[in-house]
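As a plain string of letters, each chain reads:
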Amino acid sequence: MARFGLTFVLIVYVLLVSGTAIAQKQNITKGGMIHGYIMDTTPAQLPIADVRVQIDNGKGHIFQTTSAETGEFAYRDIPADDYLINIHKSGYQSRIGKPVSVTSGGVHYVPLTMNKKENIFTGFQNLFRSKKPQGGTLQLQVTTQSPQPAPIKNAEVKIWQIGKGSNKTEITGISDANGQYRRDNLPPSIYLVTVGKSGYHTTIAMTVQENQMTTASVKFSFADGTSDTDILPSQKTDTKWIIRGKIFDANFQQTPVSGIKVKIRGIDLEQSMDSLSDADGEYEFVLPSGHYIIFLYKEGYTGTMSFPEVTAESSESSTTVLKEGMFVVYEAVAKGNVLALKHGMSKEQRSFFERYDKDIQVVLFAIIIGGISSLFFLRFLNKRHEKHSQE
């Protein structure tokens, strides 16, 4: 009996140890979760349902799901690894290569957007639509720095239009209790946007496109909370600034682009400074504290310019501008006396109708006029023939 009891105790012990080991192993190998919403790129940000979402680690493992009516998608228990997210739906432009790193037990929020495709029917419709430009939207999110960002309310926002021949007065506003600011119905153009509060400020350029939304997140280094007393004061010095930039192709793989002409201008510079991006898409300038404009140019790419406001401050700050919610087109992170910049440049890609819309309109107009003229001429010949027949 005693032997049986000892055996029973040993069996229970082995089971408990095995169970604990299995549980620990399960905890160690517990996967993460990716979720988000897929919206269109209009200011209304309408959800897109039935989008095929592929989560690919590039090693033969692809996890797939679809978005719901609300545009929401989610996939649980994904092994920790680096992944690229690809989304596809008929009638929309596929988006590929959105990077995300999954951690064990982590919950990763990934918002995505898609553009509608232009087909031959919508192309012809657009040819005859009013050419009056439709407005676009700028949206800002102002927060404290990570790891636990908090919204900054009552941050002052100023917007100037700097498009061709623009004499627009500035637009002013403040961020709400959630740190958000939004301005609708802005004419398509480039805008200079300044965000600041109690000594902290940053200036960025944002491009507004017709019937689309451009978003930016602005982060300032606060001590604690969001009250004015928690803001660390600006400390300007004579320290030289290192402006270190990286230029990539805005193709979601973020391929570095070499040979980009980089020109930087400033009020205190006697003449502009020039550089070329190297094989890694990088460039560097050493400059005094001040305000600078950076121009980027390369044949085959859409020319861009940014407006980093370079001021020597002891605190950290950052700005991120997103185009269509999928990839960074401009990012500036200030730390110490280094301003790290990241630029995304898009290749010039115009549709057939965008390239030849005027020519197509002329041809169609000529065909219509020719058809009407031919119809009247045939009717004239027909009446003349009937007249001769009666005679």
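Residues numbered from 1 in each chain as written. Predicted model: local features only at pLDDT ≥ 70, side-chain atom pairs only at ≥ 80, totals over all residues. Heavy atoms only, no water.

So, on to the overall build of the protein. Counting its regular elements, the protein contains three helices and 25 strands. Looking at the protein residue by residue over its 391 residues, the buried ones come to 36%. Long-range contacts, defined here as pairs at least 24 residues apart, represent 61% of the contacts in the protein between residues at least 6 apart. A total of about 23400 Å² of accessible surface is found on the protein, and carbon and sulfur atoms cover 55% of it. (Helix = DSSP H or I, 4+ residues; strand = E, 2+ residues; numbered from the N terminus. Buried < 20%, exposed > 50% of the residue type's maximum accessible area, 1.4 Å probe, protein only. Contact = heavy atoms within 4.5 Å. Areas by Shrake-Rupley, 256 points an atom, 1.4 Å probe, with all protein chains shown as cover.)

Turning next to the sheet that holds strand E5 (residues 81-88). Overall, antiparallel pairing links the four strands, which are arranged E3-E2-E5-E6 in an open sheet. On the outer flanks of this sheet lie strand E3 (62-66) and strand E6 (95-102), each paired with one strand and no other. Taking each pair of neighbouring strands and ignoring which way they run, the sheet shows an average axis angle of 25 degrees. (Pairing = 2+ DSSP bridges. Axes fitted to C-alpha atoms, helices over the stretch in contact; angles between N-to-C directions.)

For strand E14 (residues 200-208), the buried fraction is high: seven of the nine residues fall into the buried class. As defined by bridge partners, strand E13 (residues 189-197) adjoins E14 across nine bridges and the pair is classed as antiparallel. Pairing of Tyr191 across the sheet is with Met206, part of E14.

Think of it this way: side chains of opposite charge can pair up when their charged atoms draw near. Scanning the entire structure with this criterion turns up seven salt bridges. Between Asp81 and Lys59 there is a salt bridge, with the nearest N and O atoms lying 3.2 Å from each other. Of this pair, Asp81 sits in strand E5 while Lys59 is found in the loop between strand E2 (52-56) and E3, placing the two residues 22 residues apart along the sequence. Its relative accessible area of 21% is what places Asp81 among the partly exposed residues. Looking at Lys59, the relative accessible area reads 58%, which means it is exposed. Measuring nitrogen to oxygen at the nearest pair gives 4.0 Å for the salt bridge that ties Lys347 to Asp249. A residue pair is termed long-range when its members are at least 10 positions apart, and Lys347 in the loop between strand E25 (338-345) and helix H3 (352-390) and Asp249 in strand E16 (residues 241-249) qualify at 98 residues. (Salt bridge = Lys/Arg side-chain N within 4 Å of Asp/Glu carboxyl O.)

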